[in-house]
Amino acid sequence: MAAETGGAAAASALIAEDEPLLAQALQAALRREWPELQVLASVGDGVQALSKTLALRPALCFLDIRMPGLSGLEVAQALAEDWPAQEVPFPLLVFVTAHDHYALRAFEHAAVDYLLKPVEPARLARCVQRLRRTLAARQAAPATQAPALEHTLAQLRGLLAQSGGPAAASARPPPRLQVIQAGAGSAVHFVPVEDVLYFEAADKYVRVVTAEAEHLIRMPLKDLLPQLDPERFWQIHRGTIVQARCIRTAVRDESGKVRLTLRGRPEKLTASRLYAHLFRAF
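So, here's what we can say about the structure. Being a predicted model, the structure only gives us computed values, none of them experimental.

1. Focus on the sheet that holds strand β2 (residues 38-43)
Link 1 in the chain: Read across the open sheet, the 5 strands follow the order β2-β1-β3-β4-β5; overall the sheet is parallel. Lying at the two open borders of the sheet, with one neighbouring strand each, are β2 and β5 (113-116). Here the strands of the sheet are splayed against their neighbours by 20° on average, with no regard to which way each runs.
Link 2 in the chain: The sheet contact formed by strand β1 (residues 12-16) and β2 spans 5 bridges and is parallel. Its bridge partner lying in β2, Ala16 is registered against Val43.

Structural data, given as structure tokens:
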């Protein structure tokens, strides 16, 4: 059952940290700084963080950037795609990291915050004050939920774009793929990238879908994405990349998601709230 988030006394949180001692230390520090905060769960990997957050619907999530299964950023991305926004406010996100390149200056006055390991009491106190103010504002003016969510999603998009850190940003980008080699038994199919309508994650594989056929390649979608031209291939979901010229229509539903129809394929694709900004009419 979803936790109540209406006021400070009812504030609830989930902690996702794969180092038990650090998780315990953070929970103890929160207990001292915010005694009425109810910690609904403390989990040690990203998969549990996602499932528990969707089930318990806390007001706050403290997410370790680097966790087994899913990173904190991947958990936040999945939450943005799967959260029932019409039923309960999106949780305030606090990323916990040992790497200060994630500590973007934009966090200082925004809905998404960060804490550096080891967490300093003074920094945690400022974070708690900001979270309290934001929760109080939510209670006083529920109508502000939509712009607040858009602000959070915009920040999350920026974080995902920078998730490789400064070293990755300064490194030479990989060469653009021109042809996909997809094995099928003893044969190898050579699929021109320009013929691909979309790529879709499928367990340890990626489906390569053209107007005439489908192929499987053994490569994580996150490794494929940097090899594609971002002006031609748009990520629309954590598990889907579509070639922009192949999109026929885009229709937004009440939840903020966008349903796409494609040229040459009967199925529809879903663009999550996180990527819905790509489909705003000029």
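Don't stop here, the text continues.
2. A look at the environment of Arg123
Link 1 in the chain: Looking at the element boundaries, Arg123 is found in helix α4 (residues 121-140).
Link 2 in the chain: A polar contact is formed between the side chain of Arg123 and the backbone oxygen of Tyr114, at a distance of 3.0 Å.

3. So, the sheet that holds strand β11 (residues 233-237)
Link 1 in the chain: An order of β10-β9-β8-β12-β11 is seen for the 5 strands of this open sheet, with the pairing classed as antiparallel. In the strand order of this sheet, the two ends are held by β10 (214-217) and β11, each with one partner. Each adjacent strand pair in this sheet contributes to an overall mean axis angle of 20°, direction not counted.
Link 2 in the chain: Strand direction decides the pairing type here: strand β8 (residues 196-202) and strand β12 (residues 240-243), joined by 3 bridges, are antiparallel. Its bridge partner being in β12, Phe199 is matched across the sheet by Ile241.

4. Some remarks on the packing of aromatic side chains
Link 1 in the chain: Overall, the coordinates contain 3 aromatic pairs when judged by the stated rule.
Link 2 in the chain: One residue, Arg123, lies across the ring of Tyr114, its end atom 4.6 Å from the ring centre.
Link 3 in the chain: Over the ring of Tyr205 we find Arg218, and its NZ or CZ is 5.2 Å from the ring centre.

5. Observations concerning the environment of Arg32
Link 1 in the chain: Position of Arg32 relative to the elements: it lies in helix α1 (residues 20-33).
Link 2 in the chain: Arg32 gets classed as exposed once you look at its relative accessible area, which sits at 67%.

6. Re the packing of helix α2 (residues 46-56) against helix α3 (residues 72-82)
Link 1 in the chain: The geometry of α2 relative to α3 is characterised by a closest axis approach of 10 Å and an angle of 30° between their N-to-C directions. In terms of orientation, α2 and α3 fall into the roughly parallel class. You can see that α2 and α3 cross each other, and the crossing is right-handed. Together, Gly46, Ala49, Leu50, Thr53 and Leu54 of α2 and Val75, Ala78, Leu79 and Asp82 of α3 make up the contact between the two elements.
Link 2 in the chain: Tallied by class, residues from the contact of α2 with α3 come to 6 nonpolar, 2 polar and 1 charged.

7. Structural notes on the side chain of Gln243
Link 1 in the chain: Along the chain, the position of Gln243 falls in strand β12.
Link 2 in the chain: Owing to a relative accessible area of 1%, Gln243 belongs among the buried residues under this scheme.
Link 3 in the chain: Here Glu194 takes part through its backbone oxygen, which lies 3.3 Å from a polar atom of the side chain of Gln243.
Link 4 in the chain: One polar contact links Gln243 to Arg232, side chain to side chain, over a distance of 3.2 Å.
Link 5 in the chain: Not counting residues up to four positions away in its chain, the partners in contact with Gln243 are Val193, Glu194, Val196, Leu197, Arg232 and Phe233.

8. Observations concerning unusual backbone geometry
Link 1 in the chain: Look at the link from Lys117 to Pro118: it is a cis peptide, with omega at -10°.
Link 2 in the chain: Along the polypeptide, Pro118 turns up in the loop between β5 and α4.
Link 3 in the chain: One non-glycine residue with positive phi stands out, namely Arg57, at about 55°.
Link 4 in the chain: Structurally, Arg57 can be placed in the loop between α2 and β3 (60-64).
Link 5 in the chain: Despite not being glycine, Asp203 shows a phi value in the positive range, around 60°.
Link 6 in the chain: Following the sequence through the fold, Asp203 ends up in the loop between β8 and β9 (205-210).

9. Considerations on the pattern of salt bridges
Link 1 in the chain: Tallying each qualifying case throughout the model produces 13 salt bridges.
Link 2 in the chain: The residue Glu214 makes a salt bridge to Arg265 at a minimum N-O spacing of 2.9 Å. Separated by 51 residues along the polypeptide, Glu214 in strand β10 and Arg265 in strand β15 (residues 265-271) bring together distant segments of the chain.
Link 3 in the chain: For Glu214, a relative accessible area of 43% translates into the label partly exposed.

Cut-offs used in this document
Within every chain, residues take consecutive numbers counted from 1 along the sequence as written. Thresholds applied to this predicted model are a pLDDT of at least 70 for local features of residues and 80 or more for the giving and counting of side-chain atom pairs; totals over whole chains, interfaces and linings are not thresholded and use all residues. Computation of side-chain values covers all heavy atoms of the structure but excludes hydrogens and water. Paired strands, as defined in this entry, are two strands with at least two bridges between them according to DSSP. Each helix is a run of H or I in the DSSP string that is no shorter than four residues. Each strand is a run of E no shorter than two, and both are numbered from the N terminus. The angle between two axes is taken between their N-to-C directions and runs from 0 to 180 degrees, where each axis is a line fitted to C-alpha atoms and a helix contributes only its stretch in contact. Throughout this description, a polar contact denotes any pair of N or O atoms lying within 3.5 Å of each other; where both atoms belong to protein, one of them has to be capable of donating a hydrogen while the other can accept it, and for residues adjacent in sequence the pair is counted only when both atoms sit in side chains. A pair of aromatic rings is counted whenever rings of Phe, Tyr or Trp (Trp by its six-membered ring) have centres within 6.5 Å, and the orientation is called stacked for planes under 30 degrees apart, edge-to-face for over 60 and tilted otherwise. The criterion for a charge sitting over a ring is simple: Lys NZ or Arg CZ within 6 Å of the ring centre, and within 35 degrees of the ring normal. Burial classes: relative accessible area under 20% of the type maximum marks a residue as buried, over 50% as exposed, and values in between as partly exposed (1.4 Å probe, protein chains only). Comment on the angle field: the value is read as roughly parallel under 35 degrees, roughly antiparallel over 145, roughly perpendicular from 65 to 115, and oblique elsewhere. For any pair of crossing helices, the crossing counts as left-handed if the nearer helix is rotated counterclockwise from the farther one by less than a right angle, and right-handed if it is rotated clockwise. What makes two residues a contact is simply this: any of their non-hydrogen atoms within 4.5 Å. Think of it as three bins: nonpolar holds Ala, Val, Leu, Ile, Met, Phe, Trp, Tyr, Cys and Pro, charged holds Asp, Glu, Lys and Arg, and polar takes everything else, Gly as well. What counts as a salt bridge is simple: a side-chain nitrogen of Lys or Arg found within 4 Å of a carboxyl oxygen of Asp or Glu.

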